[in-house]
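Notes for the structure review
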Amino acid sequence: MIQDKLFEWYAIFGRHELPWRNTKDAYHIYLSEIMLQQTQVKTVLERFYFPFLETFPTLKSVADAPLDDVLKRWEGLGYYTRAKNLHYTALTCKGILPQNIVELEALKGIGKSTAHAIGVFAYGQVLPILDANVKRVLCRFFGLSTKDEKVLWERAWEFLNQKHPYEHNQALMDLGSLICTSRNPLCGECPLHVKCIGKIDPHNYPLPQKKNAIPVRQKIALVMYKDNKLGLIQRKERLLHGLWGFVQTLGRPNGYKKLGRVEQVYTHFKLELEVLLCEPIKEVDGWFSVEEIDKLAISTVDKKILKLLIASKPYP
DNA sequence: TATCCGTGGCA
DNA sequence: TTGCCAAGGAT
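In short, a report on the structure. Since this is a predicted model, take the numbers as computed values, not measurements.

**Quick word on the packing of aromatic side chains**
Going through the model one piece at a time under the given rule, you end up with eleven aromatic pairs. An aromatic cluster of at least three residues, connected via ring pairs, comprises W20, Y49 and F50. The ring centre of Y88 lies 4.4 Å from the NZ or CZ of K108, which sits over that ring. Here the basic side chain of K112 rests over the ring of W153, its NZ or CZ set 4.4 Å away from the ring centre.

This is the structure we're talking about:
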């Protein structure tokens, strides 16, 4: 069986040292799965996983904390709905994660792939997973040019090693990450090489999808000051919901001092901000000193604005 | 079904 | 430097 080759490869070359592979704590595994959604292993491993667990060692500790505290620990990781859903899920399941994948998938922030990942990695169930790595490996191995979810799930079930589901799924992810990479795959070192259809032209499996260039949005960021404090809002819109930040507008106020410019690239647009220091002219949700802002959850673009402000020390 | 949601690694 | 894209899910 070709799956045996994969299993043997994993024993030698797998990333066995990853901390979420060396625990049986379902919460730790669940947390890693959420943090790793659309996020590279390196980022989670080096900057977020351990600090979060230090603050929130159990799912109950997440449930007992205010959402603002959870967001603060998520600061800089992005996709903040994940943190909100984690907090909500901790509350709804009262600190105890269900084992049934139907119940898992019903929880906010847990889709089919994450539910299966928790099922197999935390509870040892016989299930396939389907993350970006696995999708790419399956597309190439079976010669699929499109990432059709239904077809991929069928192939994932078909390819699953029933005897070693845990190792099989981890191995597929490691293979996708280390060998069957998006760019410059190392087909010569692949344990699936002999039966792989896509090896002839790996870059066409799946076919690259052309993406439109993202638009640029130009706005004004207002750094309003009063009595040595800065006016901030807590964002209500979907983007960066729940995080604190400086007011953004389209027009300039009557009186201001230029502080500089900052840029931030988001998934669907690029934000270019002209940062202006001015007196209170818009409604805010609170006034804070720089030290107090340090305790709030703010996004990367607002961190850049803050850095600009501190560097120029312009206000009285 | 298509779009939205963050940030940073990497070639 | 620019663009792709990473352990996806919600709307």
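Still to come is the rest of the account.
**Comments concerning the pairing of strand β1 (residues 216-226)**
Within a regular strand, side chains alternate between the sheet's two faces. Bridge analysis of β1 against strand β6 (residues 270-278) gives nine bridges, and the strand direction is parallel. What sits directly across from K219, in β6, is L273. The sheet contact formed by β1 and strand β4 (residues 247-249) spans three bridges and is antiparallel. Note that in β4 the partner of I220 across the bridge is T249. Judged from the two bridges that link them, β1 and strand β2 (residues 229-234) form a sheet pairing that is antiparallel. In the strand pairing of β2, Y225 is matched with L230.

**Describing the nonpolar core**
Ranked by internal contacts, the top residues of the largest apolar core, which has 90 residues, are F52 and W74. No other element matches helix α2 (residues 26-35), which puts seven residues into this core. When we break this core down by domain, the ones giving at least three residues each are domain 1 (2-204) and domain 2 (216-312). Other than its neighbours up to four places away in sequence, F52 contacts Y27, L31, M35, V62, V70, R73, W74 and L86. Among the nonpolar cores identified, the runner-up in size contains eight residues, and I220, L222, C278 and V284 belong to it.

**Section: unusual backbone geometry**
In this structure, the amide linkage connecting Y205 to the following residue, P206, adopts the cis form with an omega of -5°. Mapped onto the elements of the fold, P206 is located in the loop between α11 (165-178) and β1. Positive phi is not limited to glycine here, since Y79 has a value of about 45°. In this fold, Y79 is placed in the loop between α5 (67-74) and α6 (81-92). Residue classification places Y79 among the partly exposed residues on the basis of a relative accessible area of 46%. In the Ramachandran plot, L240 falls in the positive-phi region, its phi being about 60° despite a non-glycine side chain. As for its position among the elements, L240 is in the loop between β2 and β3 (244-245).

**Looking at the protein's contact with DNA strand C**
Taken together, 24 residues form the shell around DNA strand C, and within it W20, Q38, G111, T114 and D131 come nearest. When the atoms of DNA strand C within 4 Å of the protein are sorted by group, sugar and phosphate make up 57%. Here T114 contributes a side-chain N or O atom positioned 2.5 Å from a phosphate oxygen of DNA strand C. Mapped by element, the contributors of at least two residues to the surface near DNA strand C are α8 (112-121) and α9 (132-142). Grouping the amino acids of the surface near DNA strand C by side-chain chemistry returns eight nonpolar, eight polar and eight charged.

**Notes on the state of the cysteines**
Within this structure, the stated rule accounts for zero disulfides. Unpaired in this structure, C190 has its nearest cysteine sulfur neighbour in C180, at a distance of 6.2 Å. Judged by relative accessible area, C190 falls into the buried class, the value being 17%. Unpaired in terms of disulfides, C196 finds its nearest cysteine sulfur in C187, a separation of 6.3 Å. Judged by relative accessible area, which is 15%, C196 ranks as buried.

**Considering the protein's contact with DNA strand B**
In the region of DNA strand B, 21 residues are neighbours, and Y79, Y80, L240, T267 and H268 sit closest. Counting only atoms of DNA strand B within 4 Å of the protein, the fraction found in sugar and phosphate groups is 61%. Here a base nitrogen of DNA strand B sits 3.2 Å away from a polar atom, N or O, in the side chain of T39. In this structure, T300 approaches DNA strand B through a main-chain N or O atom, which is 2.9 Å from a phosphate oxygen. Secondary structure elements with two or more residues in the surface near DNA strand B: α3 (41-55) and β5 (257-265). Grouping the constituent residues of the surface near DNA strand B by class yields seven nonpolar, ten polar and four charged.

Each value, and the rule that gives it
Residues numbered from 1 in each chain as written. Chains lettered and ligands numbered in written order. Predicted model: local features only at pLDDT ≥ 70, side-chain atom pairs only at ≥ 80, totals over all residues. Heavy atoms only, no water. Phe/Tyr/Trp six-rings, centres within 6.5 Å; stacked < 30°, edge-to-face > 60°. Lys NZ or Arg CZ within 6 Å of the ring centre and 35° of its normal. Pairing = 2+ DSSP bridges. Helix = DSSP H or I, 4+ residues; strand = E, 2+ residues; numbered from the N terminus. Core = buried A, V, L, I, M, F, W, Y, C linked by side-chain atoms within 4.5 Å. Buried < 20%, exposed > 50% of the residue type's maximum accessible area, 1.4 Å probe, protein only. Domains from an automatic or database assignment. Contact = heavy atoms within 4.5 Å. Near = heavy atom within 4 Å. Polar contact = N/O pair within 3.5 Å; in protein donor to acceptor, adjacent residues only side chain to side chain. Nonpolar A, V, L, I, M, F, W, Y, C, P; charged D, E, K, R; others polar. Disulfide = S-S within 2.5 Å.

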